[in-house]
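Chain and residue survey
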Amino acid sequence: MVFSKEELVGLLSAGGCHILDLMKRACSPGRVTYSRNIFIPITRACRNRCGYCTFRSDTPDPPLMSPELIIQELKGARRAGCTEALFAFGEEAHQFPAVREELEGMGFNDMVDYTCHVCRMTLEETGLLPHTNMGVLSYRDLKRLREVNASMGLMLESSSPRLMYTDAHRESPGKDPELRLRTIRDAGRLRIPFTTGILVGIGETVEERADSLLELRRIQDRYGHIQEIIIQNFRSKEGIPMENHPEPPLLDMVRMVAVTSLLFPDVSVQVPPNLNRETGEVFLLAGADDWGGVSPVGRDHVNPEAPWPGIEELRRVTESAGFVLEERLPVYRRFISEEFLSPLVLDKINELYKDLI
Ligand SMILES: O=c1nc2n(C[C@H](O)[C@H](O)[C@H](O)CO)c3cc(O)ccc3cc-2c(=O)[nH]1
Ligand SMILES: C[C@H]1O[C@@H](n2cnc3c(N)ncnc32)[C@H](O)[C@@H]1O
Ligand code: SF4
């Protein structure tokens, strides 16, 4: 179904469409997926300073997680039944001398070199499947990472250039929507199964939410590589520049989820359960069909104050809304093919995860 911007704005606004009508249109009963992951914060050094972020640090200690520590944590995660290694980074960490020194000491040219090495070790020594989110990347870097990742990700956050002049993105050159959209497009040219998303409630208008969705729709029409769209609610935290900025109202989030699922019948809609502990199941009734990475072993280092529910609680909540919970890999089934995966990753999946595909 094709939607105009005006129609989307109507559906996203309280005055435009009754919330129950919207939910009825969007909600389709069935399966809700999640992946068992471990979150590995490889570096917190970051060239940006997003007004909502507590992940980045000016003086990260250590500047980089060592391969030994990473592999040790991943082996523990594998024993706990995880399938996904979620590697998170500050953007362009090599701009920090302390990071550069570490890389040089280990004999790596740059962060992408190091990350490719870590991903390869992850596949070979632990069997976990890497999902890398390093921020904005060039075509060349994406191409190198494709060889050793099951999927990759980058949040669009918002397509609004206006936010580059507000608390959210004033000090974050890497949140320029042109750069983010280009990275997502380049991943499409490279046939990389991709996760993106929108951060809701960072000062954007309803019109700008509609624009963000339409930009992603245009990319998906052209490349078809987007496997899921995360609708992430801004959570306020002590000490961040946006500490006093209001969190998005529940029904704004519900509308956003419903509209995303209507506009993207070919893409999963993910809502993180740890950021919506009291209200998560409502999103299933609005068309969300994925909980994302849920970790039985570690924390969400971007939202450390928001613990994940256990898998059994997630199942209860999912079933209470009339859905069936199903485990998935970090790459969705429809992307498990030679077109979308390198031989190395595809072989590993066929070797280890026959029961999940
Ligand atoms: O646990 C988290 N997982 C996050 N994920 C991971 C996600 O839950 C899973 O890794 C994917 O669903 C793939 O299985 C992200 C992935 C991206 O590519 C981009 C942004 C995020 C954000 C988060 C996050 O804040 N917390
Ligand atoms: C990894 C992703 O986490 C999200 N992120 C960063 N800070 C917050 C916050 N305070 N609340 C919710 N999501 C956040 C951003 O969308 C980033 O891209
Ligand atoms: S959200 Fe990502 S890009 Fe922004 S400051 Fe945090 S680590 Fe850096």
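All values reported here derive from a predicted model rather than from experimental measurement.

1. Some points on the overall build of the chain
Of the regular secondary structure elements, the chain holds 12 helices and nine strands. In summary, the chain has a C-alpha radius of gyration of 19 Å against a globular reference of 21 Å for 357 residues, a match within 12%. Considered along the principal axes of its C-alpha atoms, the chain spans approximately 60 × 45 × 40 Å. Going through the 357 residues of the chain one by one, you find that 59% of them count as buried. When the accessible area of the chain is evaluated, it comes to approximately 14900 Å², of which 49% is carbon and sulfur surface. Side chains of the chain give 42 positive and 53 negative charges; the mean places of these two sets differ by 3 Å.

2. Some details on the site of ligand 3
Contacts to ligand 3 come from Cys-46, Asn-48, Cys-50, Cys-53, Phe-55, Arg-56 and Lys-175. Of the residues contributing to the shell around ligand 3, the split by class is four nonpolar, one polar and two charged.

3. Concerning the site of ligand 2
In the vicinity of ligand 2, the residues found are Tyr-52, Met-155, Glu-157, Leu-199, Gln-232, Asn-233, Phe-234, Arg-235, Lys-237, Val-302 and Asn-303. The side chain of Glu-157 places a nitrogen or oxygen atom 2.6 Å from an oxygen atom of ligand 2. The residue makeup of the shell around ligand 2, split by class, is five nonpolar, three polar and three charged.

4. Digging into unusual backbone geometry
With an omega of 0°, the peptide bond between Asp-61 and Pro-62 qualifies as cis. Looking at where Pro-62 falls in the secondary structure, it is placed in the loop between β1 (31–43) and α3 (67–79). Of note in the backbone geometry, Arg-191 takes a positive phi value of approximately 55° without being a glycine. You can see Arg-191 is positioned in the loop between α7 (177–189) and β5 (194–200). Accessibility expressed as a relative area gives 22% for Arg-191, which makes it partly exposed.

5. Some thoughts on the packing of aromatic side chains
This structure, assessed with the given rule, holds two aromatic pairs. On the basis of an interplanar angle of 65° and a centroid distance of 5.3 Å, the ring pair of Phe-108 and Tyr-114 is categorised as edge-to-face. Considered together, Phe-108 and Tyr-114 belong to a single accessibility category, that of buried residues. On the numbers, 4.8 Å between centres and 85° between planes, the contact of Phe-335 with Phe-340 is edge-to-face. Side by side, Phe-335 and Phe-340 carry an identical accessibility label, which is buried.

6. So, the UniProt feature "binding site: [4Fe-4S] cluster" (unreviewed entry) in the chain
Per the UniProt annotation, the sites labelled "binding site: [4Fe-4S] cluster" (unreviewed entry) are Cys-46, Cys-50 and Cys-53. Relative to the assigned elements, Cys-46 resides in the loop between β1 and α3. When its relative accessible area of 11% is taken as the criterion, Cys-46 is described as buried. If sequence neighbours within four positions are ignored, Cys-46 has contacts with Arg-56, Ser-57, Gly-90, Glu-91 and Phe-96. Mapped onto the elements, Cys-53 comes out in the loop between β1 and α3.

7. Quick look at the pattern of salt bridges
Overall, the coordinates contain 31 salt bridges when judged by the stated rule. Between Arg-235 and Glu-247 there is a salt bridge; the shortest N-O distance is 3.2 Å. Taken together, the residues Arg-235 in the loop between β6 (226–233) and α9 (250–263) and Glu-247 in the loop between β6 and α9 connect sequence positions 12 residues apart. Judged by its relative accessible area of 36%, Glu-247 falls in the partly exposed class.

8. A closer look at the environment of Cys-53
With a relative accessible area of 25%, Cys-53 lands in the partly exposed category. For the pair Cys-53 and Met-242, spaced 189 residues apart in sequence, the C-alpha separation works out to 8.8 Å.

9. Things to note about the UniProt feature "domain: Radical SAM core" (unreviewed entry) in the chain
The UniProt record marks residues 32–274 with the feature "domain: Radical SAM core" (unreviewed entry), using the residue numbering of this structure. Helix makes up 38% of residues 32–274 and strand 18%. Its end C-alpha atoms lie 16 Å apart.

10. A short note on α9
The end-to-end C-alpha distance of α9, which contains 14 residues, comes to 20 Å, matching closely the 20 Å that a straight helix rising 1.5 Å per residue would cover. Buried residues of α9: Met-253, Val-254, Arg-255, Met-256, Val-257, Ala-258, Val-259, Thr-260, Ser-261, Leu-262 and Leu-263, and no others.

11. A few points about the environment of Asn-276
Within the secondary structure, Asn-276 sits in the loop between β7 (268–270) and α10 (280–284). Sequence spacing of Asn-276 and Gln-232 is 44 residues, and the spatial spacing of their C-alpha atoms is 9.5 Å.

What counts, and at which threshold
Residues numbered from 1 in each chain as written. Chains lettered and ligands numbered in written order. Predicted model: local features only at pLDDT ≥ 70, side-chain atom pairs only at ≥ 80, totals over all residues. Heavy atoms only, no water. Helix = DSSP H or I, 4+ residues; strand = E, 2+ residues; numbered from the N terminus. Rg over C-alpha atoms; globule rule 2.2 N^0.38 Å. Buried < 20%, exposed > 50% of the residue type's maximum accessible area, 1.4 Å probe, protein only. Areas by Shrake-Rupley, 256 points an atom, 1.4 Å probe, with all protein chains shown as cover. Lys, Arg positive; Asp, Glu negative; His and termini not counted. Charge placed at Lys NZ, Arg CZ, Asp CG, Glu CD. Near = heavy atom within 4 Å. Nonpolar A, V, L, I, M, F, W, Y, C, P; charged D, E, K, R; others polar. Polar contact = N/O pair within 3.5 Å; in protein donor to acceptor, adjacent residues only side chain to side chain. Phe/Tyr/Trp six-rings, centres within 6.5 Å; stacked < 30°, edge-to-face > 60°. UniProt positions renumbered as here; feature names shortened; annotations may be inferred. Contact = heavy atoms within 4.5 Å. Salt bridge = Lys/Arg side-chain N within 4 Å of Asp/Glu carboxyl O. Expected span 1.5 Å × (residues − 1).

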